[in-house]
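# Geometric and topological summary
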Amino acid sequence: MNKFILNKDIDTPLYIQLYENFKILIEENKFEKEKLPSIRSLAKSLGVNNVTVVSAYKLLEKEGYVYSIKGSGTYIKKSPICEDMPYLEEGTMELMVSGILPISKDSINFASMSPTPDLFPIETFKQALVEVLDRDGGQAFLYPEITGYEPLRESISKLLIENYNTRVDKDEILITSGGQQGLDIISKTLINPGDCIFVENPTYSGALAVFKSRGAKIVGIPMNEDGIDTELLKAYSKRYRPKFLYLMTNYQSPTTYSYSDNKKKELISLSKENDFYIIEDDFLTDLSFSDNDKNSILKSMDKFNQTIFIKSFSKIFMPGVRMGFITLPNKLFKEIIKAKHTTDVSSSGYLQRAFDLYLRKGYWKSHIEKIKKVYSEKYNIMTKELDKLNNYGISYVKPNGGLSIWLKLPKEIDSVELYNQCAENSLAIVPGKVFFVDESIYSNYIRLSFGAVDDNDIVEGLRILENIISRPFKNKNNNYLPFI
């Protein structure tokens, strides 16, 4: 057991001292075990009462250093970022990937998928906001139903039919404060500590963080270019009996791959046969740059109601509005509503009313058409410039949609070292390693996003990348594993 220094002769409460001891050990990665000592054993060894230890553990959990599993104990919360990544402080990459953490103003930002403010539909949404105030007055600031403002749920039901060929009744829709809250609500509803869940590997690191916080056992299923490896999924389903499979069927993050219709149908059959839900997370289906690509969502094919559909509007609307929804299977309805209530009671009624008006007036459709044109041009510039780098051993699959490129590097290049060299040259990228379930896996991939950069910066950023990879490259880690 690690040695803790507690001084009963000073004014600082003992539980604060114990908290500080743990904090230092966890931050410096010097704690010997993943699980913290039991409250009783630690209190006895330190000569303090149980309340002191309980208070220290609660403070550690509040500050995000640990999580507790009822009946099992308290565990250190691992960072999704590899510990040996120089320049990457705890949580830094997750914030940057989410578009929350500002990078240097002089840097070219290939890390964030969030849109730039010049693409925000300010005028049309302002009209909707003002019209709601004129129409509803103070009513706009009352709490809506816990499931969300009913007219908005009606509008979303109509949107699902018209845009996604998917029939979902308004009473089966729950409005959320963005897609991330949808993930949190589903996790609270379905995951008990120790439950097994399946995810694509690699996948969205924000989802991994949510699932880990609920004490889930996470099993990654490798991604192929047409979707998840279903043969492995079959075998694993019988072995692990998962609660659900989490996936993104169109322009998956980070690979940008889209599922084939045959694979989608196979997934539905497997979920029914093995009695697990499928959590389909969607935020990019709308951004198809080819008229030949008619991407369907898995939910539209599901006749068994095994699919819970989560939709976020943040990445292609305005992130700060935090607007999204999830569909509700009847047998989970009460539990999901309860989880929503404990999360934030309800999402902003005023913003829900304004977004409903925005949809009804057709502003959403015109906004999508506008940004598809803008992002398509950025995508074409990035792929054209990347094609010039073929001589350096890089490769990628053209997604024809979405907001990023999943770039495979030659074996001699370490993606984390490349990240560091890019950062030193005012270029922000994301090393592929942060998206994998198993932190011991080392992937020679990087993700390049073009949502937050202008056309000239795309060209300049890829010129910086070329200058770096064209030089002799020293792989410092020597722990390369090929992508499977």
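Residues numbered from 1 in each chain as written. Predicted model: local features only at pLDDT ≥ 70, side-chain atom pairs only at ≥ 80, totals over all residues. Heavy atoms only, no water.

### Thoughts on the pattern of salt bridges
- Within the structure shown, the criterion is met by 25 salt bridges.
- Its salt-bridge partner being R135, residue D136 comes within 2.7 Å of it at the nearest N-O pair.
- A relative accessible area of 42% means that R135 is categorised as partly exposed.
- Two residues, D226 and K263, come together in a salt bridge whose shortest N-O distance is 3.0 Å. Highlighted residues: D226 in the loop between β6 (217-224) and β7 (227-228) and K263 in helix α10 (residues 261-274), separated in sequence by 37 residues.
- When salt bridges with common partners are traced through the structure, they connect E145, E150, R153, K170 and D171 into a single cluster. (Salt bridge = Lys/Arg side-chain N within 4 Å of Asp/Glu carboxyl O. Buried < 20%, exposed > 50% of the residue type's maximum accessible area, 1.4 Å probe, protein only. Helix = DSSP H or I, 4+ residues; strand = E, 2+ residues; numbered from the N terminus.)

### Describing the pairing of strand β12 (residues 404-408)
- Within β12, four of the five residues are buried, which leaves it mostly tucked inside the rest of the structure.
- The pairing of β12 with strand β15 (residues 445-449) spans five bridges and is antiparallel. Looking at β15, one finds that I405 is bridged to L448. (Pairing = 2+ DSSP bridges.)

### Quick look at the sheet that holds strand β14 (residues 430-431)
- Strand order in this open sheet of three strands is β12-β15-β14, and the pairing throughout is antiparallel. If you trace the sheet from one side to the other, it starts and ends with β12 and β14, each paired once.

### Observations concerning the packing of aromatic side chains
- With the rule as written, the count across this model stands at 24 aromatic pairs.
- A centroid spacing of 5.8 Å and a plane angle of 25° characterise the contact between Y67 and Y75, whose relative ring orientation is stacked.
- The exposure class assigned to Y75 is buried, which follows from its relative accessible area of 15%.
- An aromatic cluster of three or more residues is present, and its members are F125, F309, F313, F317, F325, F355, Y358, Y363 and W364. (Phe/Tyr/Trp six-rings, centres within 6.5 Å; stacked < 30°, edge-to-face > 60°.)

### A short note on the environment of Y251
- The topology assignment puts Y251 in the loop between β8 (244-247) and α10.
- Put simply, Y251 and D282 are 31 residues apart on the chain and 8.9 Å apart in space, counted from C-alpha to C-alpha.
- A polar contact of 3.5 Å, which involves the side chain of Y251, links it to the side chain of S288. (Polar contact = N/O pair within 3.5 Å; in protein donor to acceptor, adjacent residues only side chain to side chain.)

### Structural notes on helix α12 (residues 349-360)
- Under the 1.5 Å per step criterion, the end-to-end length of α12 is 16 Å for twelve residues, consistent within 8% with the ideal 16 Å.
- Counting buried positions along α12 gives ten out of twelve residues, so the element sits mostly inside the fold.
- When α12 is considered as a whole, its buried residues turn out to be G349, Y350, Q352, R353, A354, F355, D356, L357, Y358 and L359.
- Positive phi shows up at G362, right after α12, with a value of about 80°. (Expected span 1.5 Å × (residues − 1).)

### Notes on the confidence of the model for the chain
- This prediction gives the chain a mean pLDDT of 86; 89% of its residues lie at or above 70.
- Put simply, helix α4 (residues 92-97) is where the chain has its lowest mean pLDDT, 49, and β8 is where it has its highest, 98.
- Ignoring residues within four places in sequence, the model shows residues 95-102, a span with pLDDT below 50, making 19 contacts including any to other chains.
- Note that residues 475-484 has pLDDT below 50 and, in this model, 31 contacts with residues that lie over four places away or in other chains. (pLDDT = per-residue confidence, 0-100. Contact = heavy atoms within 4.5 Å.)

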